[in-house]
Each structure stands twice: as C-alpha cells, then as structure tokens.
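# Understanding the architecture of this molecule
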Amino acid sequence: MAVPLKYNWRNLCVRWRLTLATMLGIALVVAVFIMVMALANGLKVTYISTGDPRNLLVLRKGSTAESSSQITRNDVRLIKYLEGIARDADGQPLASPEILVLINLQRRDRRGSANVLVRGIGPVGLQLRTRIHLIQGRMFQPGLHECVVSRRIAERFANCEVGQQFRTGRTFWRVVGIFDAEKTAYESEIWVDADEARNVFKRNFYGSILIRPVEDLAVVARMIHRMETDKQLSVRVLPETEYYQEQTRTATPIQWLGSVLAVVMSIGAAFSAMNTMYAAVSSRTREIGTLRVLGFRRRQIYVSFLLESVLLAICGGVIGCLFSLPLNGVATGTMSWTTFSEVAFEFRITPLLLAEGMAFALAMGVMGGLLPARMAARKPVLDALRSA
Amino acid sequence: MTVPGFILRNALRNKRRLVLTLLSVTLSLFLFTMLQTALREMTQPAQTEDSALRIIVRHKVSLGNALPIRHQSRIERTPGVRVCSKFTWFGGLYKDPKDFFPQFGVDADKIAQIFTEAQFDPQEVAAFVKDRAGCIVGVKTMERFGWKVGDKITLQGTIWPCDLHLTIRGVYRGGIDETNLFFHHEYMDELCRRPGLALMFWIRADSREVIPELIRRIDEMFANSDAETKTETERAFLLEFVSLIGNVKLLIGSICSVIVFTLILVTASTMSMAIRERTREIAVLKAIGYDGWQVFGLILAESFGLAITGGFLGCFGAWWGTWALFQRVNIAAISNGMFIKFEVTPHIVASGMLIAVVLGIVSCLAPAWAAVRTSVVTGLKELD
C-alpha cells in the first residue's frame, strides 16, 4: 500500500503559509506563460482563419505583401479572361483586382496614431468573401468617397463611426457602414471602391487579383502554369489561405519571448519549490522514521514526497490558469511585419495552451521534488526516530 | 565573535537553502535586467549630438505612400537645410526572407554628410559615388554574411519592381545602426523606369535651433499640394515606429512586476522559514541582553545581505553576460533585425539593485517583527 495522498495534502495544509507562497510563485509563472502565449496564439489564429480555401491570390513575383505588390491594368485585362476562372450568373469572371494602401489614422482619444490598410475592392471582391457581412449602415457607393470600416477599426480609431468622416491627404472619406469579418485579418481593414482608391492615392496599378477558379483541377493547373510562365506577366499565384498563413511569422518574436520567460521563470520557481520541500522533509524527520517503522518502504516514501511536490505544483498551476482566464478575448493590436499596418486581434486561450501551462507546473513540481524526496527516502530509520 | 561574523554564520547555517534562495534571486533579477534592456532597446532610440540634427520628411498619408522627387529641390532651398538626401526603403530579398537587413536608396554623394557619426573611408565613399551600381554596407551586415569589399550581391525587389545587382564599394562603422546597406537612388530609378518617387527625404539641419522652424516651413510649403508632407525629427520618427508594434511597455512592464512580486513572495517565505527555526536562539539573545531592535537589525542584515548578493550576481551577471556574448555573436542577425544592439545600461543595473534592496527589507519584515515581539519566556519554551 502506498502512503495515502491525504497525508501529503494535510501536510501541505499544516504549513499553509509556506505552501501558499510557493503555490502563488508557481501560479504566476504559469499565468505569465499562458498570457504571452495567448497573445501569440490570437495573432496566429487571426491569420490562419483568414481566406477562403477556394480562392487564389495573384501577386507580383517577389512580392511578399499585397500592399507592396504591383499589377498593371494590362496584366489585369490579360488574367481576367483566362480559361479556368469561374464565372458568376451574369457570365462575368470571378476575378477581383484590388489595391491595398497604407494610411495613418488617429486613434480614439487622440492617443497617437497607427497605420491602417485601406482596401480598394469591387463588387466581385465582395462576392468572393462570403464571411463578411454588414452589421450597421450600408455598402459604399463608388464615386462618392464613401467607405465601410470593420468593427474593430470603428472601435479603435477616431472618426470611424457611421456618419463620421476622416481625411487622407486632401480627400475626406465618409463612413457609411460597419462590417464584421468574423475575427479574420479583414477586421483590420477599411474598404472603399477600387478605382476610386487608385485615383485618390495616385496608383496607376492594382496590388493583387483575387480569383475563384473553376472546379476542374486540370484546367486550374494549366491556368496557373500559364500565368507563372508568361514572360509578360511576372506574377505568382498562391492560395489565399496560404498567403495569410505566411503572415503568422509576426507572432514569432512573441512566442520566443513566451518560451524564454517560461523556462527561466520556471527554473526560479522550481528552486523555491525545492526549498519548501527540503524544509518539509527536515521538519518531518520523525514522521518519516515512524512511517518506515510502520512498514512503508523507501520507494514509497520517495514517491510520497515527490507526489507532495507535484500536488503543490498542480495546485499552483490551476491557480495560474484561473489567473490568466479573464484575459481570454481581450482585444489588442500589433503591427504586422508584412504590411506594416496594425492588425487587431484578441488574446486566445485554448485548452491546449492551458495543458501546456499545467505541463510546466508539473515539471516544476518534479524538478523541485526529486532531490528532497531522495533525501527523505535515504534517512536511516533509527536516526530519524531519535531526532527531536 | 564579531557581529558581522555572527550574521554570516547564521546565513550559512543551512547552505542548501541559502544557495537555492540565492539562485532564485539571481535568476529573477537576471531576467528583470534582460527584459528591461530589451524594452529599452525597443522603445528608446539612441540619440546623439548628430542624430538630433536629422529631420525626416515623408508623405502625410502614411509611410506606404511615396513623395515625388521634385519636392527635393524645394526642400534644399529652404534656409536651415545643410544637406538633403532621398531615402527610400527597398526591402529587397537577399537569398532567403530570413536574411533580412535594411536597404536604402540614397543620394550617394550626401550620405556621409548626413550620417556624420558613422565612420566612412573617404576613398571608399569616392569609389561608391563613382559606381552607379555600387553600395556601402554597415560592418555588422558585412560580418553576418561574410562579405568583402568588391563582392557582388543581388537584391530581389519585393516592393519596387526591379532587382538590384550591386557591388560592395565600402564599409561604414559606428553610428546608431551598423546593419544598413546604402545604394544609389538613381540606379533604382533607372531600373524601375523612373517612377519619380522617393519614400522619404532625410535632412541634416544647420543647427538645433532652426529645427522647429524648419519643420513648420517644410510642411507649410507642401500643404494642399497633391503630396502633403509630415516632417519630424529622427527621434520622433523612430518613436512613432515603435508605438506601432503595440503596447510593448505594458506587456514587459507587467511581466517585470510579476517577476518582482514572485521574488518577494519566495524570499519572504524563505526568510520566515529561516527565522522560525531560530526562535529559541533569538530568545537566548534577548535573555543575554540584546534588545528587540538589535535582534531586528541582525535579521535585517542577514536578509539584506542575501538579497544584495543575489541582486549583484543577477544584474552584473546580465551586464557582463550580454557584453561577453555580443562581442562574439551578431545580435541583429539572431534577432532578425529586431535588436540592433543589446546594451545593459548602468541605469538598468541600478534599478535592479534597488529592487534587491527593497527585497532585502520587505522579505524579512514579517518574520523579524514576530521575532522582536516574542517574549523571552515564550521563545525559550518553543521546541524546534
């Protein structure tokens, strides 16, 4: 029979002040880890969930971002009527030439400014993005300098509510609607008419073309080959989802920060757990002797003390998870290293992340408990009983 | 036995506990120092006498919009402008996206006059000016890729629709950022069929005094034109760039406070452990004539010594460690250009030590106070 767990639990409760301090230490380490990783996670999920797997994106060869890609009007004319692009009910090809422009907007309450993406888009582009719907107002009308903004932009920036207007250069844009993009990267964009945007921002080219290919894969493969090998075009074609996945690298520095912090801090916390456990072992020398006399083996004593340390760490881990949970869903923003614009996202705590946090806690418990448990198991019975 | 000897003996009584506590204090303050340094590197662009004279002109709409080159001649004629150079971010691809480093198209003959704090070899600059397809590279980037003067490199355009085939004509050292590559703006214009655009203009002003007036004048000059400008000092420009990354200050600041809080928790529990097992001894000390405050002093000194030693190891360890490490490795390369250098400042070390001092005092307050209050009789009655 193993030493009952209740014995360990009661021991932890007896020295509750020390137990609590150690637990809190472990809890804070776990909480910091989960928070930083939730930040990276939220950012990644935003990009991964963006894009329709059925769509293809055409960019200039060598361009890494839509905002820095250039596609001439000639190219657009050529690509639009290629065989392999699906058509809508009216027989129009489902190809949407778009332009992405970076503008600087004031934040709410005049707290600085940030870069925001303005997407010039046509009716076909709206058709190709089915997950976006207006939640307030109406769609923009070309030619009137109207725009629709995402919900997040309306929340974070000044003069972005329906009926208000903001200025870029010499042009005033009137906000006529707010759309919801289901937490995708489009949540960080302002949409206007494509030709109007090219006119106002003086671009005689487009940035990208979003196309919906037909379902026949052989035809699509031929079309892609045609586009990528055409000397006149110099473009690359990639699935829309892949384009957004590439941008998850924005989250890499945050992930690094999270991992380094977690490792270093957990070593520190393991030291404190070790201290606690050593103290527990030395103050219970007599008890250990008694247990041995009662017939418990060295191995059982060893496991018992190790379990006590793990129990301590798991309680700490649970507290840490509880500390971090309120952060789930809190909105924040950072700059995308691909487009240099602000991308809005929220902290996202997943069950997997909580499990990782608990794994860290467990590791701290084991690291902190191994040596003290060995010391406890090695105590000679007689000496242990004799001690005061 | 002297008083310091007595304190030392007490501290060393349980060596294992001492080492473990010392290690956790060291580790935490090490982390604190590193985080503060990272924060400082990210949020506080270095400023020198020379950089204070630099002004940056860019498009008012955003950095994603370029200015017409014709603005340059009007800027140059503005009184107070000593030199003005086009300054265009190329953002080209060298081999792999991981091999990123900043590249700028500039007016070749003016670059040495704008970055006066950097050391240029006049002969190399002359060679660079003469070769339209030449470039001058910062020493850090040269080392990172193992380049030599005379090497040929190709940068694939990601923003501008052209590829640059450059020959390295020189190296510069010093200045704020030793990772940049400068090439002829002219060369890029030619390859991209003369779009007539420059992303920014960098100016060196005559003196600090003229700067506010100069900024106002330039912005006024282009107000209501089709390309309005935003002019600001280099420092303001860099700070704005940092603010885009998000609230780094809040993130790192809150992590640091969690670290400090955890540290106090851990040390306080260790100190109370150490003092509780000495209740009898303290009673004896009091019985032979030490008063409460002297006992308090003894405990404080012990805790203080522990925290200061840990703080010293942690902060100075970080100071020396980063210094020794970055003598050998290129910080810009391993951080993918995020950090240009990683320098622990005396200010940061001082704040780390301050935390250690506070830690030493706070962590022993509760147990020491309990020891002071315990009467001799209760203390002596206590069993271990």
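Look up: the structure comes first, before these words.
This report concerns the structure included in the present document. (Residues numbered from 1 in each chain as written. Chains lettered and ligands numbered in written order. Predicted model: local features only at pLDDT ≥ 70, side-chain atom pairs only at ≥ 80, totals over all residues. Heavy atoms only, no water.)

### Observations regarding the interface of chain A and chain B
Taken together, the contact pairs 49 residues of chain A with 43 residues of chain B. Interface area, chain A with chain B, both sides summed: about 4000 Å², of which 68% is carbon and sulfur. For chain A, the biggest contributors to the area lost against chain B are Arg170, Phe271 and Asn275 of chain A; these three give 14% of the whole. At the junction of chain A and chain B, the tally comes to one salt bridge. We note a salt bridge from Glu228 of chain B to Arg167 of chain A, for which the minimum N-O separation is 3.6 Å. (Contact = heavy atoms within 4.5 Å. Buried area = accessible area lost by both parts, 1.4 Å probe. Salt bridge = Lys/Arg side-chain N within 4 Å of Asp/Glu carboxyl O.)

### With respect to helix 11 (residues 279-287) of chain B
All names here are of chain B. Taken residue by residue, helix 11 has Thr279, Ile282, Ala283, Leu285 and Lys286 as its buried positions. Taken down its axis, helix 11 places every buried residue within 155° of arc, on the same side. For helix 11, the secondary structure elements touched by its buried residues are helix 1 (3-12), helix 10 (248-276), helix 12 (292-328), helix 14 (346-373) and helix 15 (376-381). (Buried < 20%, exposed > 50% of the residue type's maximum accessible area, 1.4 Å probe, protein only. Helix = DSSP H or I, 4+ residues; strand = E, 2+ residues; numbered from the N terminus. Arc of directions from axis to C-beta.)

### Remarks on the pairing of strand 13 (residues 331-335) of chain A
Residue and element names in this part refer to chain A. Sheet topology note: the strand 13/strand 14 (residues 342-346) ladder contains five bridges and is antiparallel. Of the residues in strand 14, the one forming a bridge with Met335 is Glu342. Counted along the chain from strand 13 to the antiparallel partner strand 14, the turn is six residues long, and its residue Phe340 has a positive phi close to 60°. (Pairing = 2+ DSSP bridges.)

### Quick notes on the pattern of salt bridges
A complete count under the given rule lists 41 salt bridges over all chains for this structure. With a closest N to O distance of 3.2 Å, Asp206 of chain B and Arg82 of chain B form a salt bridge. With Asp206 of chain B in the loop between strand 11 (200-205) and helix 8 (211-221) and Arg82 of chain B in strand 3 (residues 81-89), this residue pair connects regions lying 124 residues apart in the sequence. For Asp206 of chain B, a relative accessible area of 37% corresponds to the partly exposed category. Where salt bridges share partners, they join Glu66, Glu98, Arg119, Arg129 and Glu189 of chain A into one cluster.

### Notes on the state of the cysteines
Residues and elements named next belong to chain B. Applying the stated rule across the entire model yields one disulfide over all chains. Across a sulfur-sulfur distance of 2.5 Å, Cys162 and Cys192 are joined as a disulfide pair. On the S-S bond that ties Cys162 to Cys192, the torsion sits near -45°, and the link is left-handed. Residue Cys162 is located in the loop between strand 7 (152-155) and strand 8 (164-173), and its partner Cys192 is located in the loop between helix 7 (185-191) and strand 10 (197-198); the two are separated by 30 residues in the primary sequence. Judged on exposure class, the residue Cys162 and its partner Cys192 are both buried. Of all cysteine sulfurs in the structure, the one in Cys315 sits closest to Cys256, which takes part in no disulfide; the separation is 11 Å. Note on Cys256: relative accessible area 4%, which makes it buried. (Disulfide = S-S within 2.5 Å.)

### Points about the nonpolar core
All names here are of chain A. Counting 102 residues, the largest nonpolar core has Ile103, Phe166, Ile190 and Phe201 as its most contacted members. The dominant element in this core, judged by the number of residues it contributes, is helix 2 (residues 16-48), at 13 residues. Those residues within four positions of Ile190 in sequence are excluded, and the remaining contacts are Leu105, Val116, Leu117, Val118, Arg119, Cys147, Val148, Val149, Ile153 and Phe166. (Core = buried A, V, L, I, M, F, W, Y, C linked by side-chain atoms within 4.5 Å.)

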